Amino acid sequence: MSEQSPKRLVIMRHAKSDWPPGVPDFDRPLLPRGHAEAALAGEWLRDHDLVPDVILCSSATRTQQTCAGVLSELGDDAPTPALHDALYAAAPLSMLAVINHQPETARCVLVIAHMPGVQELVDHLASPDSDDDAEMDATSRYPTSAFTVLEPETPWAELDGRDARVTHFVVPRAH
């Protein structure tokens, strides 16, 4: 076993967003609850030593605002997010293609995107030795601001399916 901690892939659905009349889907903003829950997600990641080296974020307004909330809790070590049009309303294999291009030096990659792609990607990547409860939760429901933590078993470029162990499924909620 390697002395280095395992690589981590965090796949997050954007936080709770609004549906204002006349606003295109791409431009929908977060609701106040969404801003609060994005910050809670960042707090959980920080508290579990999962500050990402790379953040891949859909270019939609609600994902960018989710990312800002997460970043607000991660501190100065967090990277500048890379915005990707290809993550907006993306199919799971399109999302995976973006992940496949990450440098092998990245130990933790955070992806912030949309349903149904985030849930379908987790289902596609989950290896047989995943935590059963976490995998079941992630594949049966994926509410806003939820995220899955996976441990890829291959280099980023070779990640293609059933080769990342699901370890956690988290739904941050304000109490």
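Here, the structure is the one placed above.
Notes on the structure in this doc start here. (Residues numbered from 1 in each chain as written. Predicted model: local features only at pLDDT ≥ 70, side-chain atom pairs only at ≥ 80, totals over all residues. Heavy atoms only, no water.)

Ranked by size, the top nonpolar core spans 29 residues in total, and within it Leu-9, Ile-11, Ile-99, Val-111 and Leu-125 carry the most contacts. Those elements that place two or more of their residues in this core are strand 1 (8-13), strand 2 (54-58), helix 3 (92-100), strand 4 (108-113), helix 4 (117-125), helix 5 (132-140) and strand 6 (164-170). Those residues in contact with Leu-9 that sit more than four places away from it in its chain are Ile-99, Val-109, Val-111, Leu-125, Thr-148, Val-149, Leu-150, Pro-152, Trp-156 and Leu-159. Trp-44, Val-70, Leu-74 and Val-170 belong to the second largest nonpolar core, which has 18 residues in total. (Core = buried A, V, L, I, M, F, W, Y, C linked by side-chain atoms within 4.5 Å. Buried < 20%, exposed > 50% of the residue type's maximum accessible area, 1.4 Å probe, protein only. Helix = DSSP H or I, 4+ residues; strand = E, 2+ residues; numbered from the N terminus. Contact = heavy atoms within 4.5 Å.)

The next thing to look at is the packing of helix 4 against helix 5. One way to put it is that helix 4 packs onto helix 5 with a least axis distance of 8 Å and a crossing angle of 145 degrees. As helix 4 packs across helix 5, the resulting crossing turns out to be left-handed. Listed contacts from helix 5 to Gln-119, Val-122 and Asp-123 of helix 4 are Ala-138, Thr-139 and Ser-140. Taken together, the residues of the contact of helix 4 with helix 5 break down into 2 nonpolar, 3 polar and 1 charged. (Axes fitted to C-alpha atoms, helices over the stretch in contact; angles between N-to-C directions. Left-handed = near helix turned anticlockwise from the far one by under 90°. Nonpolar A, V, L, I, M, F, W, Y, C, P; charged D, E, K, R; others polar.)

Moving on, we come to the environment of Val-171. With respect to the helices, strands and loops of the structure, Val-171 is situated in the segment after strand 6. For Val-171, a relative accessible area of 25% gives the class partly exposed. As for Val-171 and Tyr-88, which are separated by 83 residues in sequence, their C-alpha atoms are 21 Å apart. Each residue touching Val-171, except ones within four places of it in the same chain, is listed here: Arg-141, Pro-143 and Ala-146.

Okay, the pairing of strand 6 next. Counting buried residues along strand 6, 5 of its 7 residues qualify, which places the element largely inside the surrounding structure. Here 6 bridges tie strand 5 (residues 147-152) to strand 6, and the two strands are oriented antiparallel to one another. Across the sheet, the residue bridging to Phe-147 is Val-170, located in strand 6. (Pairing = 2+ DSSP bridges.)

Next up on the list: the sheet that holds strand 3 (residues 82-84). Taken together, the 6 strands give an open sheet; going across it, the order is 3-2-4-1-5-6, and neighbouring strands pair in mixed fashion. Both outer strands of the open sheet, strand 3 and strand 6, are each paired with one neighbouring strand and no more. Averaged over all pairs of adjacent strands, the angle between strand axes in this sheet comes to 20 degrees, irrespective of strand direction. Direction of pairing for strand 1 relative to strand 5: antiparallel, over a ladder of 4 bridges. Within the sheet, the bridge partner assigned to Leu-9 lies in strand 5 and is Leu-150. Strands strand 1, strand 4, strand 5 and strand 6 of the sheet are contacted by helix 1 (residues 32-47), whose axis makes an angle of about 30 degrees with strand 5. Along the sheet face, helix 5 touches strand 5 and strand 6 and points at about 70 degrees away from the line of strand 6.

In this section: helix 2 (residues 61-74). Compared with the 20 Å implied by 1.5 Å per residue over 14 residues, the 20 Å span of helix 2 between its first and last C-alpha is a close match. Residues of helix 2 that are buried include every one of Arg-62, Thr-63, Thr-66, Cys-67, Gly-69, Val-70 and Leu-74, and no others. Around the axis of helix 2, the buried residues are gathered within 160 degrees of arc, so they sit on the same side. Contacts made by the buried residues of helix 2 are with strand 1, helix 1, strand 2 and strand 4. Phi for Gly-75, located one or two positions after helix 2, is positive at around 85 degrees. (Expected span 1.5 Å × (residues − 1). Arc of directions from axis to C-beta.)

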